[in-house]
Amino acid sequence: MRLATLTSGGDCPGLNAVIRALVRTASSEFGSTVVGYQDGWVGLMDDLRTDLYDDAFIDSILLRGGTILGTGRLHPDKFKAGIDQIKANLDDAGIDALIPIGGEGTLKGAKWLSDNGIPVVGVPKTIDNDVNATDYTFGFDTAVSVATDAIDRLHTTAESHNRILIVEVMGRHVGWIALHAGMAGGAHYTVIPEDPFDIEDICKAMERRFQMGEKYGIIVVAEGAVPKEGTMDAGLGEEDEFGHKTFTGMGQIIGDEIHRRLGYDVRTTVLGHTQRGGTPTAYDRVLATRYGVHAARAAHEGNFGTTVALRGEDITLVPLGDAVENLKRVPERRIRTARSMFG
């Protein structure tokens, strides 16, 4: 059998671990070969392919962040218009099954290809942990670890200067990174997209800390957080060609408003792409490896139109439609748990 794989969307710690697992499993268990398409869907459209071998190089990529295949995004209209070219390229390369690795957008593309007759097995990835039908995506643990380390470091400098420090983390539509990092790092307030904030509540929490003698505060803000309607003017970002909102710096907006209302010294740190980069954590390496192994097996067993997923302690297969039906958002019960730590 001849498999193909690609990485699409944002880069993510653990992508190389999946590639390694796919190649080694296909080779050792089935005597199969793997082709890698470069730069995501663009590489599949333009037939930018390279053979991947079970050799010392593939073995070494486990520790590396990013992706050896490169990644990118392709507008859905161009993607769908290129279906005939995609099929021709896969036929020319002798591909029996395609294993795309990516987040919600990539898996939607994978489902569309599957619906149009291409044998597909998906692998979910995103640091946001927002893919439905799986408990965790690889990359999330690394992003939370980076954010938690930053919060740990900011505690001491905030306390030394009697400041409120705001840490803005990734989280376009969901607040899983902010929620976990805020709890792990002992933040005094966490703001996420699923729970629109009232700036008055944040100010009261910070003022209460200073009145009680705790002369500093740490606030974690997901980039996609929004205020409750009518509470403050936060401005609206524009959308790029893929329909992604460009954010206006919610951490800084909240910080400026706290300073205006309370007069405290407030500084904002935006972690940005540092959360995506670097060596994946042990947890993400293991999860990504398990995903790669099971995806290779699923392809050889003919379980197409599915994606691998973590359910409890087990790796299972779920229909691609279940994975992309909805974003996995932070539920109210988890929000209530976080709130108990505020102040």
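Not measured: the values here are computed from a predicted model. (Residues numbered from 1 in each chain as written. Predicted model: local features only at pLDDT ≥ 70, side-chain atom pairs only at ≥ 80, totals over all residues. Heavy atoms only, no water.)

**Things to note about the UniProt feature "binding site: ATP" (unreviewed entry) in the protein**
Then, number 1: If you check UniProt for "binding site: ATP" (unreviewed entry), the listed places come out as Gly-10, Arg-73, Leu-74, Gly-103, Glu-104, Gly-105 and Thr-106 in our numbering. Their sequence span is 97 residues, while the largest C-alpha to C-alpha distance among them is just 13.7 Å; these annotated residues converge on one region.
Then, number 2: With respect to the secondary-structure elements, Gly-10 resides in the loop between strand E1 (2-7) and helix H1 (15-30).
Then, number 3: Excluding its chain neighbours within four sequence positions, the residues that come into contact with Gly-10 are Thr-71, Arg-73, Lys-125 and Arg-276.
Then, number 4: Structurally, the position occupied by Gly-105 is in helix H6 (residues 104-115). (UniProt positions renumbered as here; feature names shortened; annotations may be inferred. Helix = DSSP H or I, 4+ residues; strand = E, 2+ residues; numbered from the N terminus. Contact = heavy atoms within 4.5 Å.)

**Focus on the domain arrangement of the protein**
Then, number 1: In terms of domains, the protein is made up of domain 1 (2-139 + 280-323) and domain 2 (141-276).
Then, number 2: The straight-line distance from the C-alpha centre of domain 1 to that of domain 2 is 33 Å.
Then, number 3: Taken together, both faces of the contact between domain 1 and domain 2 bury some 1400 Å²; the carbon and sulfur share is 57%.
Then, number 4: Among the residues domain 1 hides against domain 2, the three largest losses belong to Arg-73, Ile-127 and Asp-128. Together they make up 37% of the total. (Domains from an automatic or database assignment. Buried area = accessible area lost by both parts, 1.4 Å probe.)

**Some points on helix H9 (residues 199-211)**
Then, number 1: The end-to-end C-alpha distance of H9 is 18 Å, a good match for the 18 Å that 13 residues give at a rise of 1.5 Å each.
Then, number 2: Turning to H9, its buried residues are Ile-199, Ile-202, Cys-203, Ala-205, Met-206, Arg-209 and Phe-210. Axial view of H9: buried residues confined to an arc of 160°, hence all on one face.
Then, number 3: Check the buried side of H9 and you find it contacts strand E6 (164-169), strand E7 (189-191), strand E8 (217-222) and helix H10 (250-262).
Then, number 4: A distance of 2.9 Å separates the backbone nitrogen of Glu-200 from a side-chain oxygen at the start of H9, and that oxygen is part of Asp-198.
Then, number 5: Downstream of H9 by a residue or two, Gly-213 has a phi angle that is positive, lying close to 100°. (Expected span 1.5 Å × (residues − 1). Buried < 20%, exposed > 50% of the residue type's maximum accessible area, 1.4 Å probe, protein only. Arc of directions from axis to C-beta. Polar contact = N/O pair within 3.5 Å; in protein donor to acceptor, adjacent residues only side chain to side chain.)

**Re the packing of helix H7 (residues 140-161) against helix H8 (residues 176-184)**
For any two helices packed against each other, one specifies the crossing angle of their axes together with the interaxial distance.
Then, number 1: Running from N to C, H7 and H8 cross one another at 45°; their axes reach a closest spacing of 9 Å. Taken together, H7 and H8 sit at an angle that is classed as oblique. Pair H7 / H8 crosses with right-handed handedness. On H8, the residues that touch Phe-140, Ala-143, Val-144, Ala-147, Thr-148 and Ile-151 of H7 are Trp-176, Ile-177, His-180, Ala-181, Gly-182 and Ala-184.
Then, number 2: Looking at the contact of H7 with H8 residue by residue, the classes come out as 9 nonpolar, 3 polar and no charged. (Axes fitted to C-alpha atoms, helices over the stretch in contact; angles between N-to-C directions. Parallel < 35°, antiparallel > 145°, perpendicular 65-115°, else oblique. Left-handed = near helix turned anticlockwise from the far one by under 90°. Nonpolar A, V, L, I, M, F, W, Y, C, P; charged D, E, K, R; others polar.)

**Here's the deal with the side chain of Arg-276**
Then, number 1: Tracing the backbone through its elements, the reader meets Arg-276 in the loop between strand E9 (266-270) and helix H11 (282-300).
Then, number 2: Among the polar contacts made by the side chain of Arg-276, one reaches the main-chain carbonyl oxygen of Asp-11 at a distance of 2.8 Å.
Then, number 3: Excluding its chain neighbours within four sequence positions, the residues that come into contact with Arg-276 are Gly-10, Asp-11, Cys-12, Pro-13, Ile-127 and Met-170.

**Here we look at the sheet that holds E8**
Then, number 1: Pairing within the open sheet is parallel, and its 4 strands lie in the order E7-E8-E6-E9. Of all strands in the sheet, those bounded by a partner on one side alone are E7 and E9. Sheet twist, expressed as the average angle between the axes of neighbouring strands with direction ignored, equals 20°.
Then, number 2: In this structure, E6 lies alongside E8, joined through 6 bridges in parallel fashion. In the strand pairing of E8, Val-167 is matched with Val-220. (Pairing = 2+ DSSP bridges.)

**So, the nonpolar core**
Then, number 1: In terms of nonpolar packing, the biggest core is built from 60 residues, with Val-123 and Phe-138 touching the most fellow members.
Then, number 2: Ranked by residues supplied to this core, first place goes to H7 with 8 residues.
Then, number 3: Membership of the second largest hydrophobic core comes to 24 residues, among which are Leu-6, Tyr-37, Leu-320 and Ala-323. (Core = buried A, V, L, I, M, F, W, Y, C linked by side-chain atoms within 4.5 Å.)

**Concerning helix H5 (residues 83-92)**
Then, number 1: For H5, every residue scored as buried is listed here: Ile-83, Ile-86, Asn-89 and Leu-90. The buried side chains of H5 occupy one side of the element, clustering within an arc of 125° when seen end-on. Those residues of H5 that are exposed and aimed more than 90 degrees away from the buried face are Asp-84, Asp-91 and Asp-92.
Then, number 2: Where H5 is buried, its residues touch strand E2 (33-37), helix H2 (41-46), strand E3 (49-52), helix H4 (76-81) and H6.

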